[in-house]
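This is what each chain is made of:
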Amino acid sequence: MAGGRKEIHGLVERMKTLVERCGGFSFMEVCGTHTVAIFQSGLRSLFPEGLRHISGPGCPVCVTHARDISLGMELVRGEGIVLATFGDMMRVPDAQGMSLKMLRAKGARVHVCYSPLDALDLAQREPGVEVVFWGIGFETTSPTVAATIKEAQQRGVSNFSVLPAHKLIPPALDFLLSSGVEVDGLLLPGHVSTVIGVDVYGFIPHKYGVPAVISGFEPLDIAMSICRLMEMKLSGRVEVFNQYTRAVKRNGNPRARALLEEVFERDDALWRGIGIIKGSGLRIRDSYSAMDALKRFNPKGSDISDPPGCRCGEVLQGKITPPMCPLFKKRCTPMSPVGPCMVSTEGSCAAYYKYGTC
Amino acid sequence: MEQRILLDHGSGGVASHRLIRGLFLEKFFNEYLQPLDDGALLDVSSPISFSTDTYTIDPIFFPGGDIGSLAIHGTVNDVAMMGARPRFVSCGFVIEEGLEVSCLERIVSSMARAAQDAGVRVVTGDTKVVPRGSVDKIFINTTGIGEVVLDPPPRGNRAMPGDVIIVSGSIGDHGLAIMTSREGILLDLGIVSDSAPLNHMVLSLIEEVPHIHVLRDPTRGGLATTLNEIATQSQVEIEIEEEMIPVKDSVKQGCSLLGLDPLYLANEGKFLCILPEKFAHKALGVLRSHPRGRDATVIGRVLKKGPGQILLKTEIGGRRLLTMLEGEHLPRIC
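Keep in mind the model is a prediction, meaning the values are calculated, not measured. (Residues numbered from 1 in each chain as written. Chains lettered and ligands numbered in written order. Predicted model: local features only at pLDDT ≥ 70, side-chain atom pairs only at ≥ 80, totals over all residues. Heavy atoms only, no water.)

1. Overview of helix α2 (residues 32-40) of chain A
One full turn of an α-helix is made of 3.6 residues, so residues set three or four places apart face in the same direction.
Residues and elements named next belong to chain A.
Phase 1 of the analysis: Across the nine residues of α2, eight count as buried, placing the element largely inside the fold.
Phase 2 of the analysis: Inspection of α2 places G32, T33, H34, T35, V36, A37, I38 and F39 among the buried residues, and these make up the whole buried set.
Phase 3 of the analysis: Note on α2: the residue one or two positions beyond its end, G42, has a positive phi of about 85°. (Buried < 20%, exposed > 50% of the residue type's maximum accessible area, 1.4 Å probe, protein only. Helix = DSSP H or I, 4+ residues; strand = E, 2+ residues; numbered from the N terminus.)

2. Some remarks on the interface of chain B and chain A
Phase 1 of the analysis: Taken residue by residue, the interface counts 25 residues in chain B and 34 residues in chain A.
Phase 2 of the analysis: Interface area, chain B with chain A, both sides summed: about 2,700 Å², of which 59% is carbon and sulfur.
Phase 3 of the analysis: For the pair chain B and chain A, the number of links is one salt bridge.
Phase 4 of the analysis: As a salt-bridge pair, A:R5 and B:E243 come within 3.4 Å of each other at their nearest N and O atoms.
Phase 5 of the analysis: Our count for the contact surface shared by chain B and chain A stands at seven residue pairs in polar contact (both at pLDDT 80 or more).
Phase 6 of the analysis: Secondary structure elements with two or more residues in the side of chain B that touches chain A: α4 (173-183) and β13 (319-321) of chain B.
Phase 7 of the analysis: If one sorts the elements of the side of chain B that touches chain A by residue count, β13(B) sits on top with three residues.
Phase 8 of the analysis: Residues that form the side of chain B that touches chain A fall into these classes: 10 nonpolar, four polar and 11 charged. (Contact = heavy atoms within 4.5 Å. Buried area = accessible area lost by both parts, 1.4 Å probe. Salt bridge = Lys/Arg side-chain N within 4 Å of Asp/Glu carboxyl O. Polar contact = N/O pair within 3.5 Å; in protein donor to acceptor, adjacent residues only side chain to side chain. Nonpolar A, V, L, I, M, F, W, Y, C, P; charged D, E, K, R; others polar.)

3. What to know about the environment of A:S344
All names here are of chain A.
Phase 1 of the analysis: Residue placement: S344 occurs in the loop between α14 (340-343) and α15 (348-355).
Phase 2 of the analysis: By relative accessible area, S344 is classed as buried at 1%.
Phase 3 of the analysis: Considered as a pair, S344 and M90 are 254 residues apart in the sequence and their alpha carbons are 9.2 Å apart.
Phase 4 of the analysis: Dropping the residues within four chain positions of it, S344 is found in contact with C59, V61, C62, D88 and A350.

4. Observations regarding empty space enclosed by the protein
All names here are of chain A.
Phase 1 of the analysis: Using the criterion set out here, one finds three cavities of 30 Å³ or more in the structure.
Phase 2 of the analysis: Roughly 80 Å³ of volume is contained in the largest cavity.
Phase 3 of the analysis: C310, R311, C312, V315, C325, L327, F328, C332, V338, G339, M342 and C349 together form the lining of the largest cavity.
Phase 4 of the analysis: Here the residues of the lining of the largest cavity are counted per class, giving 10 nonpolar, one polar and one charged. (1 Å grid on protein atoms, 1.4 Å probe; cavity = no way out; pocket = protein on both sides within 12 Å on 5 of 7 lines; lining within 4 Å. Points joined across faces, edges and corners; volume = space filled by probe spheres on them.)

5. A word on the sheet that holds strand β6 (residues 138-148) of chain B
Residues and elements named next belong to chain B.
Phase 1 of the analysis: The four strands are arranged β1-β6-β4-β5 in an open sheet whose pairing can be described as mixed. The open sheet has two free edges, formed respectively by β1 (48-55) and β5 (121-130), since each of these has just one partner strand. If you compare each strand with its neighbour and ignore which way they point, the axes differ by 15° on average.
Phase 2 of the analysis: Both β1 and β6 contribute to a ladder of eight bridges, which runs antiparallel. Paired with I48 across the bridge in β6 is E147.
Phase 3 of the analysis: Each of β4 (84-96), β5 and β6 is contacted by helix α3 (residues 101-118), which is oriented at about 10° to β6, the strand it contacts most. (Pairing = 2+ DSSP bridges. Axes fitted to C-alpha atoms, helices over the stretch in contact; angles between N-to-C directions.)

6. A short note on the environment of A:E265
All names here are of chain A.
Phase 1 of the analysis: Structurally, E265 is set in strand β10 (residues 264-271).
Phase 2 of the analysis: In this structure E265 comes out as partly exposed when scored by relative accessible area, which is 22%.
Phase 3 of the analysis: E265 sits 70 residues away from M335 along the chain, and the two C-alpha atoms are 38 Å apart.
Phase 4 of the analysis: If sequence neighbours within four positions are ignored, E265 has contacts with G281, L282, R283 and R285.

7. Focus: the pairing of β4(B)
All names here are of chain B.
Phase 1 of the analysis: Counting buried residues along β4, 10 of its 13 residues qualify, which places the element largely inside the surrounding structure.
Phase 2 of the analysis: Sheet topology note: the β4/β6 ladder contains 11 bridges and is antiparallel. Across the sheet, the residue bridging to A84 is V148, located in β6.
Phase 3 of the analysis: Taken together, β4, α3 and β5 form a β-α-β motif whose crossover is right-handed. (Right-handed = clockwise from strand over helix to strand, strands pointing away.)

8. Considering the packing of aromatic side chains
Phase 1 of the analysis: Enumeration over the complete set of coordinates arrives at 10 aromatic pairs over all chains.
Phase 2 of the analysis: Summarising the aromatic geometry, the rings of A:F39 and A:Y355 are spaced 6.1 Å apart at their centres and angled 25° between planes, so their arrangement reads as stacked. Of the two residues, A:F39 sits in helix α2 while A:Y355 sits in helix α15, which places them 316 residues apart along the sequence. You'll find A:F39 and A:Y355 in the same group, each marked buried.
Phase 3 of the analysis: On the numbers, 6.5 Å between centres and 10° between planes, the contact of B:F24 with B:F28 is stacked. Of this pair, B:F24 and B:F28 both sit in helix α1 (residues 14-28), four residues apart, which is roughly one turn of the helix. You'll find B:F24 and B:F28 in the same group, each marked buried.
Phase 4 of the analysis: Chaining the aromatic ring pairs together yields one cluster made of A:F39, A:Y352 and A:Y355.
Phase 5 of the analysis: Across from the ring centre of A:W271, 5.9 Å away, lies the NZ or CZ of A:K167, which sits over that ring.
Phase 6 of the analysis: The ring of A:F241 carries the charged tip of A:R228 above its face, separated from the ring centre by 3.8 Å. (Phe/Tyr/Trp six-rings, centres within 6.5 Å; stacked < 30°, edge-to-face > 60°. Lys NZ or Arg CZ within 6 Å of the ring centre and 35° of its normal.)

From the geometry alone we can't say anything about function, so treat these as descriptive.
As structure tokens, then:
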């Protein structure tokens, strides 16, 4: 990959020049895949002095509030219920330190899926159990869940339901910027944008004067995008720029959005460490209420606060870096995580721990 | 013989004997096994390398092998990694009541072929049959012994500053083959397990280059885990060049689609060799002359004494740590 290395070094030199001209620059990314890509590729170790990388609430597991976790834990303990979930949720601890992995070892039925359709197929194969799919994720994932709910209805599968916990990125960004998070630029999520398109982010430059770039995930994409952010700040021509044109169309994916619109409607949602962000979540529409696990099983959940000392919330809002949390690497490690930022494969704390900060 | 394995076959009576003589002795036949005594009498010169492993893999048949061939290869390789010539293997079967006899025959035939390929003999064994549901079809334990031919033998704590690290071929093949065939996904990528005996290659290597410090096959947990184990045992800091690590394009593609990292996937036909830099060229020559070692390459070096740590120099020229996984390798959400 010699060509790639030369190009990267060219961009790193450019970053250095731009950061000096800016007098320092901080950017926030809000996508777990970007967090991992920046660390895993080693790009972070090449950032020049003065360039600050902040990880925002881009990891769907990390932002799942303790109360929402308690709902899933309650359902999986129910008689005759199989909880189907993406792998990332398996080791997330609830307020008592219990995880799905531990509950499975104690006999609870948990099924790890690659896609929500796996869960639907399971429900059809085992008519004697109730399969509940834990709907976690941003706009990249929620359309496939919507499609699965529709498919379930079409196939007439009555033992399948979804526990809705999906969230939306633009309202979260609006909230963060309005609550005074200080960043010079935003790196916008590539996959989410393939669904929601470009224009929906317009409020970022227009309302807040912050430049934003929708970025791909290769180190070259990210490096180019960071340079573009700084160029915009310097030129004063602040806008939303789409660097990821090979995957993101201006209008996004209208079919996926139509599916979402048909099955879900906007709701307020609880974000871990942040609290309620209005209109940032999705609930299942009445026309599909037969497949809403909340209505079918009516779980109570528990109102719990974050464990003492855990500063996941501030990490998620980019207010502190993981090493600034008093539990980081001491009480909170991948072996015994206190908060989801440490246990998720895309969590900031996990990334800092795993990849170091060379 | 019957169509399915019954509890009778594990009870030690006539049915058991029919199975042992008709299948195991028939396929594994050799002078040590033939008397069917309680144990085998062997002539083995010391020092002896001794290793055991139990195989519970699912699915039991996969592209590139099966639980039987894997059980032989795995134990032969572990014995060989101690700088030894593997000679004899035992095998213990725990079989689920109801398993088709044809399935067991297929597995045992495969084991016999693998043993012949590796030049080892199955000399003693045990068979248990357990009620339906107690195990998933079949579990196999194999234990192997071999004669250590390298003095001093390679050990995990012998890596030294100035050593280089050689890997014998592409990584991630086995782990991904299992994942894709178990889930029935991405089968068009044609990922095949690399399960194979390594003893012939190891013995050639030892003969030509006796100065080897460490030999290890990166099975469960993959290359990253094995390197970390060695770094901790030897108390050294190791630097690895990401772009030197051989990974097949199909494996890269499959991993990328599933959110997996080839550095953490199991390998069953590859090994790591850590030795002084001045012998690397010769070692590569020996390995590359073997059909299973054509892609052998140097992937890194031991930097200095210190806390066991792996530093990865990434493809783009950056740096980061390469750590061990906490537990299972789970696919990502989005």
